[in-house]
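Next come the chains, spelled out residue by residue.
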Amino acid sequence: MQQSPIIILGIESSCDDTSAAVIKDGKILANIIANQDVHEAYGGVVPELASRAHQQNIIPVVDEAIKQAGITKEEITAIAFTNGPGLMGSLLVGSSFSKAFALAMDIPLIEVNHMQGHILAHFIEEEFNETDPVINTGIPTFPFLCLTVSGGHTQIVKITDYFKMEVLGETIDDAAGEAFDKVAKMLGLPYPGGPFLDQKAQLGNPNKYTFTHPKVPGLNYSFSGLKTSVLYFLKRELKTNPNFIKENLNDICASVQKTIVDILLIELKKAIKETGINQIAIAGGVSANSELRKRLASFSAAYQIYIPKMEYCTDNAAMIAIAGHYKYLQKDFTEQSIAPSARMKI
Ligand code: KG4
Ligand code: ZN
């Protein structure tokens, strides 16, 4: 018999955010995220420092999530955790914690693929509260296409059921988030550069500079050429004007952002045409990008567009908990012997 309510504790520790979330019958009760600012000084994530920070954060973050959800740990039905892809040391902290928690509480253990979690974030339901109504962007029905864009991945995925996902195209080199971060670094913006570049871009002219698009077969992407062409462009301009970046920062950001979003949307539109699927979603950290959100929102009314709430775009445990919820319904549990996988595929 189905246990009711189903309360899932989700744990996410794949990169540099330690997060714990509680989901009850598919509805979010808490989603706590501890960001790690220890990496800022290095301009990128230092894996060993990330693992140590996860180790320090994990218990307080879980404690806070349980408190905010207004439940006791004895009420938790199952624990779901990110088993990959990600940084091995970081994954080990979340998986070891989750295994110990499952053993101690005698509840099922559920492994989740981080990228599937990003996509399934679209299924998180908000608890409706009359004094604080939350506008839900809606829940997709199957099949739908998802442009999954993060710091490590850029994929067009066809989703025919909760865990039936097919990658139709993906990047052959850098991810879109990496392109944002690398260009931001060249421009002297803080890490992680994507959100900072986005802020500056909103004040600039996106048509001031043009950068060439890659030529890649199929529905695949490439972003390493763009990074190199921005580098050479900056070097050339700085030779004649050492203040070029300072004087044109907003326009450079807007032009690079437009190019990345153009590249992303050209392949996505091809995928829509090839598959005939008109339900389109975006997921992953780069789905927080203002230009990408704006351009998708203005797609023709013939398409149903799903844009996640900001807090479910970048890494969070709510997406792991909702994936855990659907795996729980399928009784898809995992063994204590499971090992994290840094390069796990969808
Ligand atoms: O999904 P995510 O939080 O972590 C990974 O799984 O990689 O994605 C992080 C990536 C970073 O590259 C970050 O710069 C990018 O998402 N990002 C953005 C924005 N917010 C986050 N990129 C462009 N515009 C944004 N507003
Ligand atoms: Zn992610």
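All of these numbers come straight from a predicted model, not from anything done at the bench.

Enquirer: Give me the lowdown on the overall build of the protein chain, citing residues and values where you can.
Expert: Along its length, the protein chain carries nine helices and 10 strands. The C-alpha radius of gyration computed for the protein chain amounts to 20 Å, which stays within 12% of the reference 20 Å derived for 346 residues, consistent with globular compactness. Its C-alpha atoms give the protein chain principal-axis dimensions of roughly 70 × 45 × 45 Å. Here the protein chain holds 346 residues, and 51% of them are scored as buried. Counting only contacts in the protein chain whose residues sit at least 6 apart along the sequence, the fraction spanning at least 24 positions is 74%.

Enquirer: How would you sum up the environment of Ala53? Please name residues and give values.
Expert: Locating Ala53 in the fold gives a position in helix H1 (residues 47-69). When its relative accessible area of 12% is taken as the criterion, Ala53 is described as buried. Linking Ala53 and Glu166, residues 113 residues apart in sequence, is a C-alpha distance of 34 Å. Leaving out residues up to four positions away in the same chain, Ala53 has contacts with Thr18 and Gln36.

Enquirer: Just give me the short version of the side chain of Asp17, but keep the residues and values in it.
Expert: Relative to the assigned elements, Asp17 resides in strand S2 (residues 17-24). There is no salt bridge for the buried Asp17, and the closest opposite charge comes from Arg293, which lies 15 Å off by N-O distance. Looking at Asp17, its side chain comes within polar contact range of the side chain of Asn35, at 2.7 Å. If we ignore the near neighbours within four places in the chain, the residues touching Asp17 are Glu12, Ile33, Ala34, Asn35, His54 and Asp315.

Enquirer: Tell me about the coordination of the zinc ion (ligand 2), residues and numbers included.
Expert: Around the zinc ion (ligand 2), the protein contributes the donor atoms His114 (NE2), His118 (NE2) and Asp315 (OD), at 2.0 to 2.1 Å from the metal centre. Within one chain, the residues donating to the zinc ion (ligand 2) are spaced in sequence as H-x3-H-x196-D. Here Asp315 lies in the loop between strand S10 (304-306) and helix H9 (318-329) and His118 lies in helix H3 (residues 114-120), a separation of 197 residues in the sequence. Residues His118 and Asp315 agree in their burial class; the two are buried.

Enquirer: Describe the environment of Ile263, listing the residues and the values that go with them.
Expert: Structurally, Ile263 is set in helix H7 (residues 244-275). A relative accessible area of 5% places Ile263 in the buried class. Expressed as a C-alpha distance, the spacing of Ile263 and Ser222, which sit 41 residues apart in the sequence, is 8.9 Å. Those residues in contact with Ile263 that sit more than four places away from it in its chain are His213, Pro214, Tyr221 and Phe223.

Enquirer: Tell me about H7, and please be specific about residues and values.
Expert: Over its 32 residues, H7 extends 44 Å from the first C-alpha to the last, a length consistent with the 46 Å expected when each residue adds 1.5 Å. Largest kink in H7: about 55°, centred on Asn250. Once H7 finishes, Gly276 follows within two positions and takes phi at roughly 75°, a positive value.

Enquirer: How would you sum up the nonpolar core? Please name residues and give values.
Expert: Ranked by internal contacts, the top residues of the largest apolar core, which has 46 residues, are Leu147, Leu187, Ile260, Leu268 and Leu296. Sorting the residues of this core by element identifies strand S6 (144-149), helix H4 (176-186), helix H5 (193-201), helix H6 (224-240), H7, strand S9 (279-283) and helix H8 (290-297) as the ones contributing at least two each. Counting residues per element, this core draws most heavily on H7, which supplies 15 residues. Discounting chain neighbours no more than four positions away, the residues touching Leu147 are Gln155, Ile156, Tyr221, Leu264, Leu268, Ala281, Ile282, Ala283 and Leu292.

Enquirer: Can you tell me about the site of ligand 1, naming the residues and giving the values?
Expert: Gly151, Asp181, Asp198, Asn289 and Asp315 are the nearest of the 18 residues found near ligand 1. One of the side-chain N or O atoms of Asn289 is found 3.0 Å from a nitrogen atom in ligand 1. When the free accessible area of ligand 1 is taken as 550 Å², the share hidden by the protein chains comes to 89%. Mapped by element, the contributors of at least two residues to the shell around ligand 1 are H3, H4 and H5.

Enquirer: Give me the lowdown on the pattern of salt bridges, citing residues and values where you can.
Expert: Close approach of charged atoms allows side chains with opposite charge to pair. The final tally for this structure, using the stated rule, is 14 salt bridges. Each of the salt bridges in this network shares a partner with another, and the network as a whole consists of Lys258, Asp262, Glu291, Lys294 and Arg295.

The rules we used
- Residues numbered from 1 in each chain as written.
- Chains lettered and ligands numbered in written order.
- Predicted model: local features only at pLDDT ≥ 70, side-chain atom pairs only at ≥ 80, totals over all residues.
- Heavy atoms only, no water.
- Helix = DSSP H or I, 4+ residues; strand = E, 2+ residues; numbered from the N terminus.
- Rg over C-alpha atoms; globule rule 2.2 N^0.38 Å.
- Buried < 20%, exposed > 50% of the residue type's maximum accessible area, 1.4 Å probe, protein only.
- Contact = heavy atoms within 4.5 Å.
- Lys, Arg positive; Asp, Glu negative; His and termini not counted.
- Salt bridge = Lys/Arg side-chain N within 4 Å of Asp/Glu carboxyl O.
- Polar contact = N/O pair within 3.5 Å; in protein donor to acceptor, adjacent residues only side chain to side chain.
- Donors = N, O, S within 2.8 Å, 3.2 Å for Na, K, Ca; no water.
- Expected span 1.5 Å × (residues − 1).
- Bend = angle between axes of the 7 residues up to and from the residue.
- Core = buried A, V, L, I, M, F, W, Y, C linked by side-chain atoms within 4.5 Å.
- Near = heavy atom within 4 Å.
- Areas by Shrake-Rupley, 256 points an atom, 1.4 Å probe, with all protein chains shown as cover.

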